[in-house]
Amino acid sequence: LTKPPPDARAPSGSALIGQGVGAIDTPALVVDLDAMERNLARMVAFARAQGVRLRPHAKMHKSAALARLQMQAGAVGVCVQKTSEAEVLAMGGVDNIFISNEVIAPHKLQRVAKLAAALHSRGGRLAIAVDSLAGVQSLAQAMGMGQELIDVFVELDVGHGRCGVTTPEATVALAREIARHPQLRFAGLQAYHGRAQHLRSVQERREAFALVLARVQAACAALQAAGLPAVLVTGAGTGTFALEAASGVYGELQAGSFLFMDADYARNEADPAQPSFEHALFVKTQVMSVCATHAVCDAGHKSHAIDSGLPLVLGAALEYGNGGDEHGLLRATRPDARLPALGDVLWLIPGHCDPTVNLHDVLIGVRGGLEHGVVEQLIRVDARGALT
Ligand SMILES: Cc1ncc(COP(=O)(O)O)c(C=O)c1O
């Protein structure tokens, strides 16, 4: 693993740098750098004030440059979901990575072992989640004998109904198995409830989190009784992180989407205990056809993901309708609102940032706002399509 020289990874189109936003061809994925940096600063300040570590989920942006930026701002490292994401970010100079997910295939575990050794040799660290005895044993086999090169978290199912063990007994059994292998370090618990993030009211999220916390506390108590205390409990997303932070049990927050703030998260009732975040990710699009009833823009669902709903149109009384792969249908939301004219530029706020980013090679970073700003940076989506 070596850091490629910055120019080798520079995306094409670098002639855009220094030009006004008007020069950005459409459709394009644009990051408002000022808003993004404010979001990051607010999250870092929040974690610091709460005395918890921040390890943002990098599956959201898949960019080594943004992961490094988050670490420079105070994050202890980043999470990823896939081995290949970890490899790509490590190649881009990110040294502290947690694969917050299970890896089972022996050939993939070989890659995990190689990556753990590579990060260790440059003073970094790799961590991984497990939820089965077979998973621990295969990991231990891949890691070979020797020193503790990898941190291993037992994943709890805290109500999401996805991966994770469901009982304190199973948690202890896995912790014991990890502790039996000198090449593994039992690092604590991974406890993340994805669906709870998107419950709309603060009250619903609090209720869901109360159940999460009860499961985490039961697991911690069982581990303590077994003489294998959880060093760290890690989890949380953009919807609930204030609850994890205040729990006194979680020591690390994994929220990712706060950096870009998508339209789906904006539908959550704001929790006064959380800092507020601004939309920082936009699809720039242009109107290419107009008729009496609607206008058509050049961004369809090949430009933005629609799994969490259609995009919002920034600052306009327009509703975006799905026109297919390459088309968006724009209709006025009020009888007195006018349709955009041919050639007009609009800014869409994607429904879900993670899969939207994965549709693009590059994020175009703009400084100074979307109206009069200038392209400052092209941020490569290094781990685009890194799914293995
Ligand atoms: C394990 C895990 N942690 C953290 C997150 C971050 O959540 P969000 O991007 O909603 O803040 C996710 C997102 O799906 C996740 O799967």
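## Side note on the environment of E207
And then number 1: Position of E207 relative to the elements: it lies in helix α7 (residues 202-225).
And then number 2: In this structure the C-alpha to C-alpha distance between E207 and D344, which are 137 residues apart in sequence, comes to 45 Å.

## With respect to the site of the ligand
And then number 1: As a structural note, the neighbourhood of the ligand is formed by 15 residues, with T238, Q254, G256, S257 and Y265 the closest of them.
And then number 2: In the model, a nitrogen atom of the ligand is placed 2.7 Å from a nitrogen or oxygen of the Q254 side chain.
And then number 3: When atoms are counted within 2 Å of each cavity's grid points, the one that captures over half of the ligand is the largest pocket.
And then number 4: For the shell around the ligand, the class distribution of residues is four nonpolar, nine polar and two charged.

## Looking at the layout of surface pockets
And then number 1: By volume, the largest pocket is sized at about 380 Å³.
And then number 2: Together, 23 residues line the largest pocket, and K59, Y192, G194, H198 and D354 are the ones closest to its centre.
And then number 3: Here the lining of the largest pocket is built from residues that sort into five nonpolar, 13 polar and five charged.

## Some words on the nonpolar core
And then number 1: Counting residues in each nonpolar core, the largest one holds 52 residues, and the members touching the most others are L89, I97, V112, L126, L139, I150 and L184.
And then number 2: The element best represented in this core is α7, accounting for seven residues.
And then number 3: Formed by 46 residues, the second largest nonpolar core is a distinct cluster that contains A35, F241, A245 and L330.

## Description of the pattern of salt bridges
And then number 1: This structure, assessed with the given rule, holds 21 salt bridges.
And then number 2: Here D151 and R185 are joined by a salt bridge, their closest N and O atoms 2.7 Å apart. Here the residue D151 occupies a position in strand β6 (residues 150-156), and R185 occupies one in strand β7 (residues 184-191), the gap between them amounting to 34 residues.
And then number 3: On the accessibility criterion, D151 (10% relative accessible area) is buried.
And then number 4: Connected through salt bridges with shared partners, the residues D34, E37, R367 and E376 form a single ionic network.

## Some details on the pairing of strand β1 (residues 28-32)
And then number 1: Burial analysis of β1 places five of its five residues in the buried class, the great majority of the element.
And then number 2: Side chains A28, V30 and D32 of β1 all project onto a buried face; the interleaved residues L29 and V31 project onto the opposite face, where all are buried too.
And then number 3: Summarising the sheet, β1 and strand β10 (residues 281-290) pair through four bridges and their orientation is antiparallel. In the sheet register, V31 faces β10, and the bridge partner there is L281.
And then number 4: The pairing of β1 with strand β16 (residues 362-367) spans three bridges and is classified as parallel. Paired with V31 across the strands is G365, a residue of β16.

## Examining the pairing of strand β13 (residues 318-322)
And then number 1: Taken together, the five bridges between β13 and strand β14 (residues 328-332) define a ladder with antiparallel strand orientation. Looking at the pairing, N322 lines up with G328 of β14.
And then number 2: Where β13 hands over to β14, the hairpin turn is made up of five residues, of which G324 adopts a positive phi near 110°.

## A closer look at the packing of aromatic side chains
And then number 1: Overall, the coordinates contain five aromatic pairs when judged by the stated rule.
And then number 2: With a centroid separation of 4.8 Å and an interplanar angle of 40°, the aromatic rings of F98 and F153 are classed as tilted. With F98 in strand β4 (residues 96-99) and F153 in strand β6, the pair connects residues that are 55 residues apart, well separated along the chain. One exposure class covers both F98 and F153, and it is buried.

## Description of the sheet that holds strand β8 (residues 232-235)
And then number 1: With respect to topology, eight strands assemble into an open sheet ordered β2-β9-β8-β7-β6-β5-β4-β3, the strand pairing being parallel. The two strands at the open ends of the sheet, each matched to only one other strand, are β2 (53-54) and β3 (78-80).
And then number 2: Where β2 meets strand β9 (residues 252-253), two bridges bridge the pair, whose relative direction is parallel. Opposite R53, over in β9, you have E252 as the bridge partner.
And then number 3: Against the sheet, helix α5 (residues 133-143) contacts β5 (125-130), β6 and β7, and its axis sits at roughly 140° relative to β7.

## Regarding the environment of C220
And then number 1: Assignment of secondary structure puts C220 in helix α7.
And then number 2: Separated by 13 residues in sequence, C220 and V233 place their C-alpha atoms 8.9 Å apart.

## Describing the side chain of H352
And then number 1: Within the secondary structure, H352 is located in the loop between β15 (345-349) and α10 (353-357).
And then number 2: Within the structure, H352 has its side chain in polar contact with the side chain of D307 (distance 2.7 Å).
And then number 3: Once you skip the residues sitting within four places of it in the chain, H352 turns out to touch D262, A305, D307 and S308.

Rules used in this analysis
- Residues numbered from 1 in each chain as written.
- Predicted model: local features only at pLDDT ≥ 70, side-chain atom pairs only at ≥ 80, totals over all residues.
- Heavy atoms only, no water.
- Helix = DSSP H or I, 4+ residues; strand = E, 2+ residues; numbered from the N terminus.
- Near = heavy atom within 4 Å.
- Polar contact = N/O pair within 3.5 Å; in protein donor to acceptor, adjacent residues only side chain to side chain.
- 1 Å grid on protein atoms, 1.4 Å probe; cavity = no way out; pocket = protein on both sides within 12 Å on 5 of 7 lines; lining within 4 Å.
- Sits in = over half its atoms within 2 Å of the grid points.
- Nonpolar A, V, L, I, M, F, W, Y, C, P; charged D, E, K, R; others polar.
- Points joined across faces, edges and corners; volume = space filled by probe spheres on them.
- Core = buried A, V, L, I, M, F, W, Y, C linked by side-chain atoms within 4.5 Å.
- Buried < 20%, exposed > 50% of the residue type's maximum accessible area, 1.4 Å probe, protein only.
- Salt bridge = Lys/Arg side-chain N within 4 Å of Asp/Glu carboxyl O.
- Pairing = 2+ DSSP bridges.
- Phe/Tyr/Trp six-rings, centres within 6.5 Å; stacked < 30°, edge-to-face > 60°.
- Contact = heavy atoms within 4.5 Å.
- Axes fitted to C-alpha atoms, helices over the stretch in contact; angles between N-to-C directions.

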